[in-house]
Each structure stands twice: as structure tokens, then as C-alpha cells.
Amino acid sequence: MVRRHVRVLVLLLLAAFGAWLVLVQRSQKQQRQREYGEGLTDQDYAGLRAATTLDGFRDNLALIDPHGALHPYLRLHDDGAELQEAPGGEALAAVSWSLASPVNGAPRVEQLRDLRVLIDPGHFGGQWSEIEKRHIVVGERPPVREGNLTWATARLMEEELRASGAKPVVSRPPPPQSPFPEPPPRFSDDQELLAWLRAHLARQPLTSWLSDNPVQLRLLHDAYREPPEEETPAVRAFFTLFNRFDLRRRSQLAEEIGADITLSIHYNVARDPEVNKVLAFVPGGVLAEEMESGPERYWAFKRAIGDELPTLIELAGAISSAMQEELGVSGKSNEPIRRPPRKTPVDEDNGVFARNLAVLKRTPGLVLLLEGPCMNNPEEHQRLLDDSVQIDGEGHPERARQYARAAVRGLKEKAALIWDYRARHRPESQPTE
Ligand SMILES: [Zn+2]
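All values derive from a computational prediction rather than experimental measurement.

### Quick look at the overall build of the protein chain
Here is step 1: Scanning the protein chain from terminus to terminus reveals 14 helices and 14 strands.
Here is step 2: Within the span of the protein chain, comprising 433 residues, buried residues form 38% of the whole.
Here is step 3: Of all intrachain contacts in the protein chain linking residues separated by at least 6 positions in sequence, the fraction that spans at least 24 positions is 75%.

Below, the structure is given as C-alpha cells:
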């Protein structure tokens with residue numbers, strides 16, 4: 001009698017375990033099917049929260065979606081907004097309007113002390129400067145490498161920020177000394193290739209894509225395992241994938257360290273070498289063809305329901321002005337705007353534009369991308385070859401110091417705005433007096 005009960009109990013337990021296993025596997029499968037590409041899942045859509053009103057949303061959208069390409073995917077009403085999978089289709093995300101609430105009586109802080117600043121030196125430089133096409137040669141002179149300049153600028157900014165009591169973090173190591181650095185543990189070329197394919201196939205049918213890219217696919221693995229000495233299609237393919245991975249890593253870092261603001265540091269290349277100018281980019285300016293991909297629409301919607309753009313526009317103006325003064329280079333360009341334009345004017349005469357660049361798109365919260373003077377302008381190129389500033393035993397140009405000083409000055413002038421943003425979004429972390 002007792003034995004039969006035990007047997008029934010064991011059978012029931014086994015059946016329950018089996019049912020549980022089936023359920024777990026099914027939900028894992030559903031989870032995989034729900035991946036929208038480049039790591040976006042249902043949770044990302046479900047986690048979206050508005051920090052603005054309908055009017056704020058409309059203002060943001062004018063800058064983020066200047067071509068109105070997101071509009072067919074939106075349903076707006078007095079209480080909130082929906083992002084639809086297809087025009088008139090199922091809602092992927094629904095948010096209710098709500099202003100991010102500032103802490104009552106929060107002190108207005110006008111200093112950088114305790115602010116976490118992520119400094120992102122654009123590109124890699126060093127042995128990678130040619131493959132990444134940031135290797136500027138003018139006449140018989142040695143090359144100027146953007147990734148080396150941005151690295152020097154970031155290190156000098158780090159020094160200045162630390163002296164002001166801020167907590168800077170630099171997003172990448174020094175320029176690589178060999179053609180291929182050790183890939184970091186989280187990098188998987190297979191995964192990157194799949195993600196890259198998904199993003200491209202969202203816009204282009206497989207057959208036409210394959211006819212454009214057969215060499216990359218075939219040679220990718222060989223290149224990864226046995227890096228050749230010179231630039232081949234395989235090396236370019238590896239670089240494309242690694243770069244995509246690293247841009248996402250840099251944006252995620254801002255979240256991991258709880259950055260109050262991220263500044264991505266770049267130097268410019270003008271189409272006309274006679275031109276020299278500086279620029280500051282805020283997120284936005286999504287091109288109509290970019291809006292054809294689901295992940296792009298997610299990022300655009302996420303930015304439009306946020307409250308960071310007004311703050312970013314003021315910050316960009318202050319930093320651009322400081323850069324123009326310190327570097328003696330205008331923010332206004334005489335160059336004709338490229339057709340179709342890749343950037344949307346915000347304050348054109350002051351060099352402030354919106355542009356849909358990877359770091360600006362993905363980095364949460366406050367983020368700006370700065371473009372220093374034009375490396376291909378012959379006089380600027382000469383100045384950038386100067387090596388009078390020593391960092392870790394290597395010479396860098398005085399221009400990097402001027403750039404760093406300007407960026408920190410702009411941040412200092414607008415520190416109160418950064419603190420206000422932090423008070424609205426992280427009220428638990430108020431400054432220590
Ligand atoms: Zn750049």
C-alpha cells in the first residue's frame with residue numbers, strides 16, 4: 001500500500017518535472033524568436049518610460065526624425081504614445097506621458113565635483129589607423145592618426161576633470177601596437193556576423209546582399225584566426241565586425257559606470273581641405289532609410305520620449321563655443337551642405353547639429369559627440385604633428401590640450417544642467433557637500 005503511494009508520488013513528480021522542462025524550453029524558444037536584432041528583446045520595449053509630455057515629445061521628434069519617417073509607426077494621444085511594429089499594426093511599446101520629477105528643494109550645484117564623466121576617445125588609432133581610414137597624410141609629412149589624437153585628448157581631459165573633483169572614466173585602452181589586438185572575452189565573430197546580417201537583411205534581400213559581400217563572408221574566419229600583414233577584404237570584414245561590437249561596448253559602459261554624461265571625442269576631416277571647423281553633435285537626425293529598420297525605430301522612439309535633448313543642445317552650444325575660442329577655429333562652415341544632408345542643423349552658425357551616430361544613438365542619458373579641427377587642412381595637419389605634450393612618455397600636440405581644456409570648460413559652465421538632469425533621474429544620488 002505504502003509502496004504504491006510512493007510509486008504514484010514519484011510518477012507525479014516526474015510528470016511535473018517533465019511539464020516544467022517543456023515550459024522552460026518553450027519560453028526560451030519564444031524568447032529567442034522575440035529577438036528584434038542587435039540584442040533588443042521584449043524587455044527592452046517593455047522597459048521604455050516617458051520623461052516628457054506630448055509637447056516635449058513633438059519637439060524632440062522634430063530633431064530626431066526630420067523626415068517624418070517614424071510617424072507612420074506612432075499612435076499619439078493625450079495620455080501617451082505607442083510604437084507599432086508596422087504602420088497601424090501591433091504595439092511594441094506603449095508609454096504614458098510623465099515629466100521626470102526633480103527632487104524638491106534639490107540644491108543647484110554649479111561644479112563638476114562628484115560627476116561621473118565617460119570620455120570616449122573615438123576610433124582606435126595606432127596600427128589600426130589605416131584600416132579604419134583615420135590616417136591622414138598631407139604631402140610628404142608623417143601621418144596624423146585620429147585615434148591617437150582622441151586618445152591624447154581624452155587623457156588630458158581625464159587629468160583636468162580629476163583636478164576638478166569629477167570622476168572620469170576613459171572608454172578604451174591606448175592605440176593598438178599590433179595589427180590585431182587580443183579580442184576581448186565577450187567578442188564573438190560568429191555572433192557579430194549574425195547581428196550584422198540581420199541588420200542588413202532587414203533592408204536588403206539575401207541574394208542581392210550576397211552578391212555584394214561574398215568575399216567578406218568567405219574570408220572572415222581565416223582573417224580572424226591568422227591575421228594577414230596587409231589590408232585585405234578579410235581584414236576589412238574583421239574590422240567592421242569588431243568596430244560594431246566595440247561601439248556597443250562603449251555605450252554599455254556608460255550604463256555600467258552610471259555616467260552622468262558621455263563625451264565622444266573626434267577630430268574632423270573636411271571635404272574641402274581649405275576648410276577648418278569644429279562641430280558638436282547631439283543625438284537625432286535619423287535618415288529616412290535608417291528608419292526602415294526595427295531597432296533604429298526603437299532607438300529613435302526611446303530618445304523622443306526622453307528629456308535629455310534640451311539639456312544636450314545647451315551643453316553642445318557651450319562646448320562648441322569654448323572649442324572655437326580655445327582652438328581659434330570657427331564653428332561656422334562655408335562648405336555647401338552635402339545632398340542629401342547627413343546632419344540636421346540645430347545651431348548652424350555655432351557648429352551644433354543632430355546626427356544619428358552609433359554612440360549617440362545607443363548611449364543612455366546625456367551624450368555628445370565632438371569633432372575637433374580638420375586633420376586634412378594643411379595648416380592644421382602641421383599643428384597636429386607637434387609632439388610637445390608628454391603623456392606616458394609619448395609626445396602629443398598642444399592642440400589636444402586646448403581641445404581638452406575647452407571641453408572641460410564647457411562642462412563646467414553648464415554643470416548645473418547636468419546636476420539637474422541627475423536629480424530628475426537619479427534622485428538618490430545627490431552631491432556630497
Ligand atoms: Zn572620428
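And the narrative resumes.
### Let's talk about the packing of helix H10 (residues 309-327) against helix H13 (residues 398-413)
Here is step 1: Closest axis-to-axis distance for the H10/H13 pair is 8 Å, and the angle between their directions is 145°. Relative to H13, the crossing made by H10 is right-handed. Contacts between H10 and H13 involve Leu-315, Ala-318, Ile-319, Ala-322, Met-323, Glu-326 and Leu-327 on the former and, on the latter, Arg-399, Gln-402, Tyr-403, Arg-405, Ala-406, Ala-407, Arg-409, Gly-410 and Glu-413.

### Here's the deal with the environment of His-135
Here is step 1: Take His-135: it is sitting in strand S5 (residues 135-136).
Here is step 2: In the structure, His-135 is positioned 241 residues away from Asn-376 in sequence and 9.8 Å away in space, judged by C-alpha atoms.
Here is step 3: Setting aside residues no more than four positions away along its own chain, His-135 makes contact with Ser-129, Glu-130, Pro-143 and Arg-145.

### As for the packing of helix H4 (residues 146-163) against H13
Here is step 1: It is the contact of H4 with H13, at a shortest axis distance of 8 Å, that shows an interaxial angle of 50°. Judged by the angle between their axes, H4 and H13 are oblique. Of the two possible hands of crossing, H4 and H13 adopt the one that is right-handed. Between H4, through Leu-149, Ala-152, Thr-153, Leu-156, Met-157, Glu-160 and Leu-161, and H13, the contact on the second element is made entirely by Ala-400, Arg-401, Tyr-403, Ala-404, Arg-405, Ala-407 and Val-408.

### Some thoughts on the sheet that holds strand S10 (residues 344-347)
Here is step 1: Taking strand neighbours across the sheet as the criterion, the seven strands line up as S7-S4-S8-S12-S9-S11-S10 in an open arrangement whose pairing is mixed. Lying at the two open borders of the sheet, with one neighbouring strand each, are strand S7 (167-170) and S10. This sheet shows a mean twist of 25° between the axes of neighbouring strands, independent of strand direction.
Here is step 2: The pairing of strand S4 (residues 116-121) with strand S8 (residues 261-268) spans five bridges and is classified as parallel. Pairing of Asp-120 across the sheet is with Ser-264, part of S8.
Here is step 3: Strands strand S9 (279-282), S10, strand S11 (352-354) and strand S12 (367-374) of the sheet are contacted by H10, whose axis makes an angle of about 170° with S9.

### Let's talk about the environment of Val-359
Here is step 1: Relative to the elements of secondary structure, Val-359 occurs in helix H11 (residues 358-362).
Here is step 2: For the pair formed by Val-359 and Pro-283, sequence separation is 76 residues and the distance between their alpha carbons is 8.8 Å.
Here is step 3: Ignoring any residue separated from it by four or fewer positions in sequence, one finds Val-359 in contact with Asp-120, Leu-247, Arg-250, Ser-251, Ser-264, Val-367 and Leu-369.

### Remarks on the confidence of the model for the protein chain
Here is step 1: In the predicted model, the protein chain carries a mean pLDDT of 85, and the fraction of residues at 70 or more is 79%.
Here is step 2: Contacts from residues 29-37, a stretch scored under 50 in pLDDT, to residues over four places away or in other chains number 12 contacts.
Here is step 3: Low pLDDT, under 50, characterises residues 223-228; the stretch is placed with 10 contacts to residues that sit more than four places away or in other chains.

### Digging into the sheet that holds strand S1 (residues 74-76)
Here is step 1: What the three strands build is an open sheet, ordered S1-S2-S3; its pairing is antiparallel. Edge strands, defined here as strands with exactly one partner in the open sheet, are S1 and strand S3 (91-96). Going across the sheet, the axis of each strand differs from the next one's by a mean of 15°, ignoring polarity.
Here is step 2: Across three bridges, S1 lies against strand S2 (residues 80-84) in antiparallel orientation. Following the sheet pairing, Arg-75 is matched in S2 by Glu-82.

### Quick notes on the nonpolar core
Buried together is how nonpolar side chains tend to be arranged in soluble globular proteins.
Here is step 1: Of all hydrophobic cores here, the largest spans 80 residues; its most connected members are Val-117, Phe-281, Ile-319, Leu-368 and Ala-407.
Here is step 2: Sort the elements by how many residues they give to this core and H10 lands first, with nine residues.
Here is step 3: Core analysis: the next-biggest nonpolar cluster, separate from the first, contains five residues, Ala-237, Leu-241, Phe-242 and Phe-245 among them.

### Considerations on the pairing of S2
Here is step 1: The alternating pattern of S2 places Ala-81 and Leu-83 on a buried face, while none of Gly-80, Glu-82 and Gln-84, on the opposite face, is buried.
Here is step 2: Linkage of S1 to S2, two consecutive antiparallel strands, is achieved through a turn of three residues.
Here is step 3: In the sheet, S2 pairs with S3 via five bridges, with the strands oriented antiparallel. Residue pairing in the sheet places Glu-82 in a bridge with Ala-94 of S3.
Here is step 4: Hairpin connection of S2 to S3: six residues between the antiparallel strands, including Gly-88 at a positive phi of 75°.

### Description of H13
Here is step 1: With 16 residues, H13 extends 23 Å from end C-alpha to end C-alpha; this agrees with the ideal 22 Å at 1.5 Å per step.
Here is step 2: Regarding H13, the residues found buried are Arg-399, Ala-400, Arg-401, Gln-402, Tyr-403, Ala-404, Ala-406, Ala-407, Val-408, Gly-410 and Leu-411.

### A look at unusual backbone geometry
Here is step 1: Residues other than glycine seldom take positive phi values, yet Asp-114 does so here, at roughly 80°.
Here is step 2: Structurally, the position occupied by Asp-114 is in the loop between S3 and S4.
Here is step 3: The partly exposed category is assigned to Asp-114, around which 16 C-beta atoms lie within 10 Å.
Here is step 4: Residues other than glycine seldom take positive phi values, yet Lys-133 does so here, at roughly 60°.
Here is step 5: Relative to the elements of secondary structure, Lys-133 occurs in the loop between S4 and S5.

Conventions adopted
Residues numbered from 1 in each chain as written. Predicted model: local features only at pLDDT ≥ 70, side-chain atom pairs only at ≥ 80, totals over all residues. Helix = DSSP H or I, 4+ residues; strand = E, 2+ residues; numbered from the N terminus. Buried ≥ 20, exposed ≤ 12 C-beta atoms within 10 Å, placed from the backbone. Contact = placed C-beta atoms within 7 Å. Axes fitted to C-alpha atoms, helices over the stretch in contact; angles between N-to-C directions. Left-handed = near helix turned anticlockwise from the far one by under 90°. Parallel < 35°, antiparallel > 145°, perpendicular 65-115°, else oblique. Pairing = 2+ DSSP bridges. pLDDT = per-residue confidence, 0-100. Core = buried A, V, L, I, M, F, W, Y, C linked by C-beta atoms within 7 Å. Expected span 1.5 Å × (residues − 1).

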